[in-house]
Each structure stands twice: as structure tokens, then as C-alpha cells.
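Structure at a glance
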Amino acid sequence: MARPLDTMIDQGLLATASSAAMLRFTLRPSGETATAELALTELCAAFVGSVAQRLEGYRQWPQPVEDRLQHWAPPGTSDLVLQSRLNQLMLALIETLPDRLLQSGLPGRFTEEYRRSALRITQRIAQARRWTHGVEDDIFRKDLALLCLRMVPCVSHVVCRHSGIPRSTLLLPRNLASGASVRVLLALRDRLRPLIANHVHPEMIDRFDPAGREACYGLVSALLRHWPDSEGLVGASWYYDRAISDISPNLAYLRDVPARHGALFLDAGASDEATANAVSRSERRRARVEDGTYRPRNVMMVWPRRALLEHLPHFSATQAVV
Ligand SMILES: CC(C)(COP(=O)(O)OP(=O)(O)OC[C@H]1O[C@@H](n2cnc3c(N)ncnc32)[C@H](O)[C@@H]1OP(=O)(O)O)[C@@H](O)C(=O)NCCC(=O)NCCS
């Protein structure tokens, strides 16, 4: 007999969870013991349970949880075993995703976003693609945070709930001199957290375009309504830099749309990381860095809650997203 839950949870998500369970069964090493299965169940519970601690970002987990992960996938183990262990963790989390999503109370529209993510991760594992940097792999960390509901997929970006604006950014001489720090403090009434932070997910860039970004803002507006304590949206990237509209006009929309609708911008400084990200996919930007006419800087976009909601006053979480 079908469980009552089945009628409430998206059937596509349930099908994805079943595929993950079958794949995990197929890929399970032949000698795997009941003890390992128990350790995996406990590891999943540790990750999922720690989300209640209102963690910032997506990279770090509480030390006891990191320790469990190290125990499950110990340093020095063969790459074959490491990849298998990380895959089992991901698949086991997908198996319980439908129930956890239902219990989370997130608006129904997010089921489709999580289904897409769960399917993408299952396919990645079925295709035997490696987590290049093991437990430290950026995509692994982002996907782990997604499957634990610590991060929410929003079409073109992934977002975290418990972020904020570092005081060190507000205190940068450039931001003090330009008045940007004061404008941000006034707009947020000194409340520098919690803010929703968005990040680029390298495996979701098929929807990284103006329509995908607008759909992302729509989902962020649904999250702001769902989390009334949230002060707005932040993100830091080289692509919010004003210089980008001349160098890469295809990316100008990333700054222009929020800027037209009340977002503010703080300088976050030049760095090797900003340069590496800015040039990694563009010969044009690389050439401009090499000839000295462009020095990538990170810029923090701050879109206060009220201004973002005024931009999308009618978006509801059930509205179709492109
Ligand atoms: C941010 C990012 C997803 C934007 O990607 P994008 O929308 O494709 O835009 P880009 O300007 O980076 O495009 C890269 C190249 O693809 C080309 N391109 C972009 N869209 C295209 C399209 N629709 N058709 C054909 N070519 C296209 C561009 O011309 C560009 O090459 P060029 O600058 O040498 O001319 C991408 O730059 C990226 O993944 N960067 C590395 C990671 C990163 O920066 N993350 C954010 C950290 S804060």
C-alpha cells in the first residue's frame, strides 16, 4: 500500500531517490559489512543533524562531523575506495531527501530544484565521474550541503541561509571613502546578518544566463518570505565589478539588474582567487589581465530585503520557473 507521504511528495523526486538507492546497491563493494552500513547511516544523521546549528557558508562542518567523514573516507585510502565511499554518502543522502524535504517546510517549488540536483548528482555518480579533490572538492562540498538542505538550489545559483557581511569589508578604506559602507549600514539598519548568500555551482551553469538569474531572484524572493528574519541577498564575485560591463558585456546583467532595483555594492579587494576565477573560462579576460588593462577585484553585491521584494512583488513559490 502506498504511504500517505507518497501522495504528497513529488513523484519525480521519489523516483530519483529510488534510482539512487538502486545505484548504491549496484555499486556497493562486495565485502561491505553491516557495520559499514551502520556507520554510513550514522554519518548521514550527523551531517543532517548539524544543519540545525545555523552554519554559515557550505565548506565547514562541525569538527565531530568532519572527524566522522575522515573516518568514513580516511586520508591515504586508495582513490577507488575514497570515491566509492563519497558516492555512497551522496546516494544515501538522496534516498532520504524526499522525507527530509517534506519535513523542512520549504515552499513546494523547491522540490523541483532539489529533484534536478539529486538527479544531476546521481547521474554524475553513474557516469563514474570523480570528486577530483576528494573530501575537499568544491563540488562535493556544495552537493553535500545541498543534499543536507544546508544549501538551496535556485536555478542559476545555490544559496545559503545564514550568511552575513563581514565588518572587515565595511572597514576597507575604499568603502569608507566612497560612502558605500554607510549606505549599506543604513539600508540594512545595521543588521549585517542573517543574509542569504548566493554562490555559483560549476555544474549548474547550463542555466547561468539572464533568464536563469531572474528565475533565481524569484526563488530568493520566495525564500525571503519564508524566512522573515533574513535581511536580503549577498554575493561576492569578480563579475559584480563595474569594469566587467566593458570587458564582458554578456555578464553586465549580473550587476545591472540588482543595481537598477536597489542593490548596493562593496569593494572586496583584488586577490589571486578573483583573478583565477575571472580568467578561467575567458580568453578575452585573460588577455586583458596579461596586458595589464584589467585587474580582477571581488565586489560584494548587497540587495536589501525590501528592495528585492519590491522588484519581484508578485512572485510566488508555486510560480513556474523557466
Ligand atoms: C561565472 C561563469 C559561470 C560565467 O559564464 P558565462 O555566462 O559563460 O560567461 P563568460 O563570460 O565567463 O563566458 C566564457 C566564454 O564563453 C563565451 N560564451 C559565453 N556565452 C556564450 C554563448 N551563449 N555562446 C557562445 N559563447 C559564449 C564567451 O564569449 C567567453 O569567452 P570570451 O570571454 O573569451 O569571449 C564562468 O565565467 C565561470 O564558470 N567562471 C569560473 C568560476 C567562477 O568565476 N565562479 C564564480 C566565483 S565568485
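Note that this is a predicted model, so its numbers are computed, not measured. (Residues numbered from 1 in each chain as written. Predicted model: local features only at pLDDT ≥ 70, side-chain atom pairs only at ≥ 80, totals over all residues.)

Turning our eyes to something else, we now look at the overall build of the protein chain. Counting its secondary structure elements, the protein chain contains 16 helices and 6 strands. At 21 Å, the protein chain has a C-alpha radius of gyration in line with the 20 Å of a compact globule built from 322 residues. Projected onto its principal axes, the C-alpha coordinates of the protein chain cover approximately 65 × 45 × 35 Å. The burial tally for the protein chain puts 37% of its 322 residues in the buried class. Counting contacts in the protein chain only where the partners sit at least 6 residues apart, residues at least 24 apart contribute 83% of the total. (Helix = DSSP H or I, 4+ residues; strand = E, 2+ residues; numbered from the N terminus. Rg over C-alpha atoms; globule rule 2.2 N^0.38 Å. Buried ≥ 20, exposed ≤ 12 C-beta atoms within 10 Å, placed from the backbone. Contact = placed C-beta atoms within 7 Å.)

What follows is about the domain arrangement of the protein chain. Many authors give the size of an interface as the accessible area that is lost as the parts come together. When cut into domains, the protein chain gives domain 1 (5-150) and domain 2 (158-311). Of note, the centres of domain 1 and domain 2, computed from C-alpha atoms alone, are 29 Å apart. Residue-level contacts link 13 residues of domain 1 with 10 residues of domain 2. Among the elements of the structure, helix 6 (109-126) and helix 7 (138-147) are those that each provide at least two residues to the side of domain 1 that touches domain 2. Among the elements that make up the side of domain 1 that touches domain 2, the one with the highest residue count is helix 7 (3 residues). Grouping the constituent residues of the side of domain 1 that touches domain 2 by class yields 6 nonpolar, 1 polar and 6 charged. (Domains from an automatic or database assignment. Nonpolar A, V, L, I, M, F, W, Y, C, P; charged D, E, K, R; others polar.)

Before going further, it helps to spend a moment on helix 2 (residues 11-27). With 17 residues, helix 2 should reach 24 Å at 1.5 Å per residue; the first-to-last C-alpha distance of 24 Å fits that figure. Taken together, the buried residues of helix 2 touch helix 5 (79-104) and helix 6. (Expected span 1.5 Å × (residues − 1).)

Time to look at the site of the ligand. Around the ligand sit 15 residues, and of these S237, N277, S282, E283 and R284 come closest. Ranked by residues supplied to the shell around the ligand, first place goes to helix 15 (residues 283-290) with 3 residues. Class assignment of the residues belonging to the shell around the ligand gives a composition of 5 nonpolar, 6 polar and 4 charged. (Near = placed C-beta within 6 Å.)

On to the environment of L80, then. The topology assignment puts L80 in helix 5. With 9 C-beta atoms counted inside 10 Å, the residue L80 sits in the exposed group. With 50 residues separating them along the chain, L80 and R130 place their C-alpha atoms 9.4 Å apart.

Attention shifts here to helix 6. Relative to the 26 Å expected for 18 residues at 1.5 Å per residue, helix 6 spans 27 Å between its end C-alpha atoms, a close match to the ideal helical length. Taken together, the buried positions of helix 6 are occupied by F110, E113, Y114, R115, S117, A118, I121, T122 and I125. Of the surrounding elements, those touching the buried residues of helix 6 are helix 2, helix 5, helix 7 and strand 1 (151-154). One or two steps after helix 6, the chain reaches A128, where phi turns positive at roughly 60°.

A few words now on the nonpolar core. One finds I94, V220, M300 and V302 to be the most contacted residues of the largest nonpolar core, which totals 73 residues. Broken down by element, the residue count for this core peaks at 8 residues, all from helix 5. Not counting residues within four places of it along the chain, the set of residues in contact with V302 comprises I165, V184, G232, V234, A263, L264 and L266. (Core = buried A, V, L, I, M, F, W, Y, C linked by C-beta atoms within 7 Å.)

Cis geometry marks the peptide bond from R193 to P194; its omega dihedral reads -5°. Along the chain, P194 falls in the loop between helix 10 (180-187) and strand 3 (195-199). Notably, A128 is not glycine yet its phi reads approximately 60°, a positive angle. By the element assignment, A128 lies in the loop between helix 6 and helix 7. The phi torsion at D190 lies on the positive side, around 70°, for a residue other than glycine. With respect to the secondary-structure elements, D190 resides in the loop between helix 10 and strand 3.

Taking strand neighbours across the sheet as the criterion, the 6 strands line up as 1-2-3-4-6-5 in an open arrangement whose pairing is mixed. Looking at which strands have only one partner, the edges of the open sheet turn out to be strand 1 and strand 5 (264-270). Taken pair by pair, the neighbouring strands of this sheet meet at an average axis angle of 25°, ignoring direction. Direction of pairing for strand 5 relative to strand 6 (residues 297-304): antiparallel, over a ladder of 5 bridges. Note that in strand 6 the partner of F265 across the bridge is M301. (Pairing = 2+ DSSP bridges. Axes fitted to C-alpha atoms, helices over the stretch in contact; angles between N-to-C directions.)

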